[in-house]
Amino acid sequence: MSANNSRKGALHLANNLTYTRNGDYLIPDLSLSEQPEKPLGKYGRMRKAYLKEHRPLIYNQLLLTEKLYPHLIEIDETANSRLEQMMPQLAESAGATEELKARDPMRWVGLMNTCKAQAEEILMAELIHS
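Described below are features of the structure shown in this document. All values derive from a computational prediction rather than experimental measurement. (Residues numbered from 1 in each chain as written. Predicted model: local features only at pLDDT ≥ 70, side-chain atom pairs only at ≥ 80, totals over all residues. Heavy atoms only, no water.)

### Observations regarding the overall build of the protein chain
Operational definition: Numbering of helices and strands starts at the N terminus; helices are DSSP runs of H or I of at least 4 residues and strands are runs of E of at least 2. For this analysis, residues touch if any pair of their heavy atoms sits within 4.5 Å. The Shrake-Rupley method, run with a 1.4 Å probe, gives the accessible areas here. Residue values count only the displayed protein chains as cover.
A count of helices and strands for the protein chain gives five helices and four strands. Put simply, the protein chain runs from its N terminus to its C terminus through helices and strands in the order β-β-β-β-α-α-α-α-α. Within the protein chain, contacts between residues separated by at least 24 positions form 52% of all contacts whose residues are at least 6 apart in sequence. For the protein chain, the exposed surface amounts to about 9,400 Å²; the carbon and sulfur share of it is 54%.

As structure tokens, then:
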């Protein structure tokens, strides 16, 4: 394999990558392209933690191909839209009505918290841990 000195301490090998010499090691000069600055939401962060801990091969593949962040944004947006769709249905089936909200607000809050927990369990099974 031929190597050319392109700058002090750097080598350019035949595979079109540049390397920087660090002691006895050649470190490839790699950089990621610019990623959007949109912050990850709750479900995107949960998906990232799940992939990192339980699916490291998928995590690394997505990270190295620069598809991780778009994947996490998509999961976050999908989870939030699914939550918005599920909550009214779950609240109706649980009996959390506006009448109950006016009559017994603490019971209504308890029912709504239960509905949100149910919706999040569904989201965890379908989107986060899949």
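### A word on the packing of helix α1 (residues 42-54) against helix α3 (residues 68-94)
As a reminder, the rule being used: In this description, a line fitted to the C-alpha atoms serves as the axis of each element, helices being fitted only across the stretch in contact, and the angle between N-to-C directions of two axes falls anywhere from 0 to 180 degrees. Geometric relationships in this document are graded by angle, where less than 35 degrees denotes roughly parallel, more than 145 denotes roughly antiparallel, 65 to 115 denotes roughly perpendicular, and other angles denote oblique. Note on convention: the crossing is left-handed when the near helix lies turned anticlockwise from the far helix by less than a right angle, right-handed when the turn is clockwise. When residues are sorted by character, Ala, Val, Leu, Ile, Met, Phe, Trp, Tyr, Cys and Pro go into the nonpolar class, Asp, Glu, Lys and Arg into the charged class, and all the rest, Gly among them, into the polar class.
Following both chains from N to C, one finds α1 and α3 inclined at 130°, their axes separated by 7 Å at the closest point. It follows that α1 is oblique to α3 by the angle criterion. In this structure, the crossing between α1 and α3 has a hand that is right-handed. Contacts from Lys42, Tyr43, Gly44, Arg47, Lys48 and Leu51 in α1 reach Leu68, His71, Leu72, Ile75, Asp76, Ala79, Asn80 and Leu83 in α3. In the contact of α1 with α3, the residues fall into seven nonpolar, three polar and four charged.

### A short note on the pairing of strand β3 (residues 18-22)
Put simply, the test is: Note on pairing: DSSP must find at least two bridges between two strands before they are called paired.
One ladder, built from four bridges, connects β3 with strand β4 (residues 25-28); its direction is antiparallel. When the bridges of β4 are listed, Arg21 appears paired with Leu26. A loop of two residues connects β3 with β4, the two strands running antiparallel in sequence, and Gly23 in this loop sits at a positive phi of about 70°.

### Concerning the packing of α1 against helix α2 (residues 56-64)
Running from N to C, α1 and α2 cross one another at 120°; their axes reach a closest spacing of 5 Å. Along the contact surface, α1 presents Lys48, Leu51, Lys52, Glu53 and His54, while α2 presents Pro56, Ile58, Tyr59 and Leu62. Grouping the constituent residues of the contact of α1 with α2 by class yields five nonpolar, one polar and three charged.

### Re the nonpolar core
The condition is simple: Residues enter a nonpolar core if they are buried and are Ala, Val, Leu, Ile, Met, Phe, Trp, Tyr or Cys, with the set joined through side-chain atoms within 4.5 Å. Here the term buried applies to any residue with accessible area under 20% of the maximum for its type, exposed to any over 50%, and partly exposed to those in between, with areas from a 1.4 Å probe on protein chains only.
Core analysis: the largest hydrophobic core is formed by 22 residues, its most contacted members being Tyr43, Leu51, Leu68, Leu83, Ala119, Leu123 and Ile128. If you tally residues by element for this core, the top one is α3, at 10 residues. Once you skip the residues sitting within four places of it in the chain, Ile128 turns out to touch Tyr43, Met46, Arg47, Tyr50, Ile75 and Leu123. Counting residues in each nonpolar core, the second largest holds five residues, with Ala91, Ala96, Leu100 and Leu111 among its members.

### Some points on helix α5 (residues 105-128)
Our working rule: To estimate how far a helix should extend, the number of its residues minus one is multiplied by 1.5 Å.
With 24 residues, α5 should cover 34 Å at 1.5 Å per step; its first-to-last C-alpha distance of 32 Å lies within 8% of that length. All of the buried residues in α5 are Trp108, Leu111, Cys115, Ala119, Glu120, Leu123, Met124, Leu127 and Ile128. Contacts from the buried residues of α5 go to α1, α3 and α4 (98-103).

### Details of the pattern of salt bridges
Just so we agree on the cut-off: Salt bridges are counted wherever a side-chain nitrogen of Lys or Arg sits within 4 Å of a carboxyl oxygen of Asp or Glu.
Taken as a whole and judged by the stated rule, the model has four salt bridges. A salt bridge links Glu77 to Lys38; the shortest N-O distance between them is 2.7 Å. Of this pair, Glu77 sits in helix α3 while Lys38 sits in the loop between β4 and α1, and the two are 39 residues apart along the sequence. For Lys38, a relative accessible area of 42% corresponds to the partly exposed category. In this structure, Glu99 engages Arg103 in a salt bridge whose closest nitrogen and oxygen atoms are separated by 3.9 Å. Note that Glu99 and Arg103 are positioned in helix α4 at a spacing of four residues, about one turn of the helix. Among the residues examined, Glu99 registers a relative accessible area of 57% and is labelled exposed. Residue Arg103 is classed as exposed on the basis of its relative accessible area, which comes to 59%.

Limitation: the analysis is restricted to geometry and does not speak to function.
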